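What the coordinates show
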Amino acid sequence: MKIVLLGPPGAGKGTQADILVKRLLVPHISTGDMFRAAISNGTELGKEAKSYMDKGQLVPDIVTVGIIKDRISMSDCREGFLLDGFPRTLPQAEALDSLMEEMSTSLDAVLNISVPLDRLIDRLTGRRMCRNCGTIYHLLYNAPEVENVCDACGGELYQRDDDKEATVKSRLEVYEAQTAPLISYYEQKGILHTINGDQPINAVTAQLGEALGENWS
Ligand code: ADP
Ligand code: ADP
Ligand code: ZN
C-alpha cells in the first residue's frame with residue numbers, strides 16, 4: 001500500500017507511522033527524520049536543511065523532492081511505503097504525482113490526522129525524542145517509564161530545537177499557509193480520509209486502520 005500521512009506538526013504522524021509500518025510491513029519515510037539524520041552526520045544537505053528548520057520554515061521543494069525521489073526509487077518501496085511529512089506543499093504533491101505516474105503506480109490513500117490548533121502547542125512543546133532510536137514521547141501524554149530514558153533502547157531523551165515555543169508558532173503558520181491546501185487537493189482526487197487525532201493514541205490507530213480497510217480494533 002502506498003500511503004501519505006498528512007496533518008499539522010504535532011498531529012501524531014510520527015507516532016502513528018511507527019505503529020502502522022509494523023502492521024503494514026512497508027518502509028516509513030519521514031523527511032523530517034532524513035533531515036535530522038543529515039544534520040547529525042554533518043553533511044551539506046544537513047547544513048542547508050538546518051538553516052530552514054531552525055527558523056520553523058520548510059526546506060526548499062527542490063531539495064526535498066530530490067531526496068524523496070531517490071528514496072522512493074529504492075527497491076524496498078516497490079510494494080508500498082508510508083510517507084510521513086511529505087508532501088507539505090502543492091509543488092511537492094504535484095512532483096509526487098508525476099513520480100507515481102513515471103513508476104506506473106498511484107497513491108492508495110491519504111490519511112489526514114486532524115487536531116485542533118490549541119492542542120498542538122502542548123503536544124509540540126512537551127514532545128521528547130530518543131537521541132539514539134528516534135522513538136517519540138510526550139512529558140504528559142506518552143511519558144517514558146523512567147524520566148528522560150527511552151523505553152525501547154535506554155537512550156537519552158531530548159527536546160528538538162524546533163519544538164521550543166518560538167519556533168512552534170511559525171511552524172503552525174507555515175502549515176496553515178503551505179500544507180493545509182493539500183487537504184482539498186487530495187479530497188478532489190477522492191483518496192482523502194480525515195481522522196480525528198484528538199483521541200488516545202490507540203483509538204487513532206484503530207480509525208486509521210479502518211480507513212485503510214483493515215480491522216485492528
Ligand atoms: P507529528 O509527527 O505529527 O509532528 P508526533 O507523532 O511527533 O507528531 O506527536 C507529537 C507529540 O504528541 C508527541 O509528543 C507525541 O508523544 C504526542 N502524541 C501523539 N499522538 C498523541 C495522542 N493521540 N494523544 C496525545 N498525545 C499524542
Ligand atoms: P513535524 O511533524 O513536527 O512538523 P518533521 O520532523 O516532519 O516535524 O519536520 C521537521 C522540519 O523538517 C520541518 O519543520 C521542516 O523544516 C523540515 N521538513 C520536513 N519535511 C519537509 C518537507 N516535506 N518539505 C519541507 N521541509 C520539510
Ligand atoms: Zn530509544
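Residue positions are given per chain, counted from 1 along the sequence in the order it is written. In the order they appear in the text, chains get letters beginning with A and ligands get numbers beginning with 1. A pLDDT threshold of at least 70 governs which residues receive local features in this predicted model, and a stricter bar of 80 or more applies before side-chain atom pairs are shown or counted, although totals over entire chains, interfaces and linings include all residues. The basis for every side-chain value is the complete set of non-hydrogen atoms in the structure, without hydrogens or water.

**So, helix 6 (residues 117–125)**
If you check which residues of helix 6 are buried, you get Leu120, Arg123 and Leu124. Considered in projection along helix 6, the buried side chains sweep an arc of 90° and stay on one side of the axis. Partly exposed describes any residue whose relative accessible area lies between the buried limit of under 20% and the exposed limit of over 50%, with all areas from a 1.4 Å probe on protein chains only and scaled to the type maximum. For helices the rule is a DSSP run of H or I covering at least 4 residues; for strands it is a run of E covering at least 2, with both sets numbered from the N terminus onward. The reported arc concerns the directions from the helix axis to the C-beta atoms and nothing else.

**Quick notes on the coordination of the zinc ion (ligand 3)**
Donor atoms (N, O, S) are those found within 2.8 Å of the metal centre, with the cutoff raised to 3.2 Å for Na, K and Ca; water is not part of the atom list, so apparent gaps in a site can occur. The coordination sphere of the zinc ion (ligand 3) contains the protein donors Cys130 (SG), Cys133 (SG), Cys150 (SG) and Cys153 (SG), at a distance range of 2.3 to 2.4 Å. A site with four donors is called tetrahedral when every donor-metal-donor angle falls between 85 and 135 degrees; four donors are called square planar, and six octahedral, when opposite donors sit more than 155 degrees apart and all other angles fall between 65 and 115; any other arrangement is irregular. Taken together, the 4 donor atoms coordinating the zinc ion (ligand 3) span angles of 99 to 114° at the metal, a pattern that classifies the geometry as tetrahedral. Sequence spacing of the donor residues for the zinc ion (ligand 3), all on one chain, is C-x2-C-x16-C-x2-C. Of this pair, Cys130 sits in strand 5 (residues 127–130) while Cys153 sits in the loop between strand 6 (136–138) and strand 7 (157–158); the two residues are 23 residues apart in sequence, bridging distant segments of the chain. The class for Cys130 is buried, based on a relative accessible area of 3%.

**Describing the side chain of Thr167**
Mapped onto the elements of the fold, Thr167 is located in helix 7 (residues 165–179). Taking relative accessible area as the criterion, Thr167 reaches 11% and is therefore assigned buried. Note on contacts: a residue pair qualifies if any of its non-hydrogen atoms lie within 4.5 Å across the two residues. Contacts of Thr167, omitting those with residues within four sequence positions, involve Met53, Asp54, Lys55, Gly56, Asp161 and Asp162.

**Quick notes on the pairing of strand 5**
Of the two faces of strand 5, the one carrying Arg127 and Met129 and the one carrying Arg128 and Cys130 are both buried. In this description, strands pair whenever DSSP reports at least two bridges between them. Across 3 bridges, the pairing between strand 5 and strand 6 is antiparallel. By the bridge assignment for strand 6, Met129 is matched with Ile136. The antiparallel hairpin formed by strand 5 and strand 6 contains 5 residues in its connecting segment, where Gly134 sits at a positive phi of about 80°. Judged from the 2 bridges that link them, strand 5 and strand 7 form a sheet pairing that is antiparallel. The partner of Cys130 across the bridge, within strand 7, is Leu157.

**Some thoughts on the pairing of strand 4 (residues 109–114)**
Looking along a regular strand, one sees side chains alternate from face to face of the sheet. Burial analysis of strand 4 places 5 of its 6 residues in the buried class, which makes it a mostly covered element. As paired elements, strand 1 (residues 2–6) and strand 4 share 4 bridges and run parallel to each other. Opposite Val4, over in strand 4, you have Val110 as the bridge partner. Where strand 4 meets strand 8 (residues 192–196), 5 bridges bridge the pair, whose relative direction is parallel. Following the sheet pairing, Leu111 is matched in strand 8 by His193.

Interpretation note: all reported values are geometric properties and have no functional meaning in isolation.
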